[in-house]
Amino acid sequence: MDHNNILGAVLAGGKSQRFGEDKSQVKLGDKLLIDYILSEIIEEFKEILVVSNSSIDFRKSEKISVIEDIKKNLGPLGGVLTAMKWVKDNNKDYKWISTFPADTPFFKRSILQKFLQDIQPEESKLFFIKSNNTRHNIFGLWSIDLMDKLEEDLNKGERKVEVWANSIGVKTINIEFQNEDPFFNINTKEDLEKAKDRLKND
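Note that this is a predicted model, so its numbers are computed, not measured.

Trainee: I keep staring at the overall build of the protein chain and nothing clicks. Help me out?
Mentor: Tallying secondary structure elements over the protein chain gives six helices and nine strands in all. Taken against the 2.2 N^0.38 rule, which gives 17 Å for 202 residues, the C-alpha radius of gyration of the protein chain at 16 Å falls within 12% of a compact globule. Overall, the protein chain is about 45 × 35 × 35 Å in size when its C-alpha atoms are taken along their principal axes. Looking at the protein chain as a whole, 50% of its 202 residues qualify as buried. Side chains of the protein chain carry 31 positive and 34 negative charges; the gap between the two charge centres is 2 Å.

Trainee: Help me understand the packing of helix H2 (residues 75-89) against helix H4 (residues 147-156), please; the structure alone is not making it clear to me.
Mentor: Each pair of packed helices gets described by two things: the angle between the helix axes and the distance between those axes. For the pair H2 and H4, interaxial distance at closest approach is 10 Å and the crossing angle is 140 degrees. Comparing their axes, H4 and H2 come out oblique. Handedness of the crossing formed by H2 with H4: left-handed. Of the residues in H4, those touching H2 at Leu77, Gly78, Val80, Leu81, Met84, Lys85 and Lys88 are Met147, Leu150, Glu151 and Leu154. Class assignment of the residues belonging to the contact of H2 with H4 gives a composition of seven nonpolar, one polar and three charged.

Trainee: Mind showing me how you'd approach the side chain of Thr82 here?
Mentor: With respect to the helices and strands, Thr82 occurs in helix H2. In this structure Thr82 touches Val51, Ile67, Glu68, Asp69 and Ile70, once residues within four positions along its chain are discounted.

Trainee: Hey, could you run me through the pairing of strand S7 (residues 126-131) in this one?
Mentor: Look at any regular strand and the pattern is simple: side chains alternate between the two faces of the sheet. With five of six residues buried, S7 is to be regarded as a mostly interior element. Here six bridges tie S7 to strand S8 (residues 134-143), and the two strands are oriented antiparallel to one another. By the bridge assignment, Phe128 is partnered in S8 with Gly140. Where S7 hands over to S8, the hairpin turn is made up of two residues, of which Asn132 adopts a positive phi near 45 degrees. Inspection of the sheet shows S7 paired to strand S9 (residues 171-174) by four bridges, in the parallel sense.

Trainee: Looking at this structure, how should I read the layout of surface pockets?
Mentor: Where empty space is left can be seen by rolling a probe of water-molecule size over the atoms. Approximately 1000 Å³ is the volume attributed to the largest pocket. Lining the largest pocket are 40 residues; nearest its centre among them are Gly14, Lys23, Pro76, Asp103 and Asn187. When contributions to the lining of the largest pocket are tallied by element, the ones reaching two or more residues are H2 and S8. Examining the composition of the lining of the largest pocket, we find that six residues originate from one element, S8, more than from any other. Looking at the lining of the largest pocket residue by residue, the class counts come to 13 nonpolar, 18 polar and nine charged.

Trainee: Would you explain unusual backbone geometry in this entry?
Mentor: Note on backbone geometry: most residues besides glycine have negative phi, and most peptide bonds are trans. Its identity as a non-glycine residue notwithstanding, Asn91 has a phi of 55 degrees, on the positive side. Considering the arrangement of structural elements, one finds Asn91 in the loop between H2 and strand S6 (96-101). The phi dihedral of Asn133 falls on the positive side, at around 70 degrees, and the residue is not glycine. For Asn133, the location among the structural elements is in the loop between S7 and S8. Accessibility expressed as a relative area gives 68% for Asn133, which makes it exposed.

Rules used throughout
For every chain, the first residue of the written sequence is number 1, and numbering continues from 1 along that sequence. Owing to the predicted nature of the model, reporting of local features is limited to residues with pLDDT of at least 70; listing and counting of side-chain atom pairs is limited to 80 or more, with chain, interface and lining totals taken over all residues. Hydrogens and water molecules were not included; the side-chain quantities draw on all heavy atoms of the structure. Per the convention used, a helix needs a DSSP run of H or I reaching at least four residues, while a strand needs a run of E reaching at least two, with both numbered from the N terminus. It is over C-alpha atoms that the radius of gyration is taken, and the globule rule equals 2.2 Å times the number of residues to the power 0.38. A 1.4 Å probe rolled over the protein chains alone gives each residue an accessible area, and that area as a share of the maximum for its type sets the label: buried under 20%, exposed over 50%, partly exposed in between. The charge count treats Lys and Arg as positive and Asp and Glu as negative. His and the chain ends do not count. Charge coordinates come from a single atom per side chain, which is NZ of Lys, CZ of Arg, CG of Asp or CD of Glu. With axes taken as lines fitted to C-alpha atoms, and helix axes fitted only over the stretch in contact, angles between N-to-C directions fall between 0 and 180 degrees. Every angle not falling under 35 degrees, over 145, or within 65 to 115 is termed oblique; those three ranges are roughly parallel, roughly antiparallel and roughly perpendicular. Left-handed describes a crossing in which the near helix is turned anticlockwise from the far one by less than a right angle; the clockwise case is right-handed. Residues are treated as being in contact if the distance between any of their heavy atoms lies within 4.5 Å. In this classification, Asp, Glu, Lys and Arg are treated as charged, Ala, Val, Leu, Ile, Met, Phe, Trp, Tyr, Cys and Pro as nonpolar, and every other residue, Gly included, as polar. Only when DSSP finds a minimum of two bridges between them are two strands counted as paired. Residues are said to line a cavity or pocket when one of their atoms sits within 4 Å of a point; the points come from a 1 Å grid over protein atoms alone, cavities being sets where a 1.4 Å probe fits but cannot get out and pockets being open sets with protein on both sides within 12 Å along at least five of seven lines. Grid points are joined across faces, edges and corners, and a volume is the space filled by probe spheres set on the points.

Purely geometric stuff here, so don't read any function into it on its own.
As structure tokens, then:
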């Protein structure tokens, strides 16, 4: 994959209902949660889009732009469509959107590199990472060609990434890990405490 054809996008527009506040803005160790993923992906892309519906702090960089969802309450699929529309509206040359959640502090750049290295773009218009038999639907690579279909299905009421991806035909790239889960994500305050403990032990 030519990384120059890919826009990185961090989907941070969720309501964090289970957490009780915007989890992307909580501190884990000496960094904001969103900065963990940004620090791992920033060198891989020319530009990164953060999709967020509130004013947020993050590590500043000329590479990073922040925009709101074009329509609220559409979930991650709405964030993907927002990123695709941004590419079109700003006459960017990107052919793909590489998506990431804002709440996975242990994800590493090396995983992203392997994911993109193993992709054969002619095989599908949508790719997800799979690890140890679990598919990670927010760690994806989405062809811009899917934009019209995605918008049409969102307007019809589809909200679930899993269902929509299966209907499109998604290909998974399997990456095994032996030790602690690099895809561990923080949904609750209890998860945050677990992450703090893990950080101490790393």
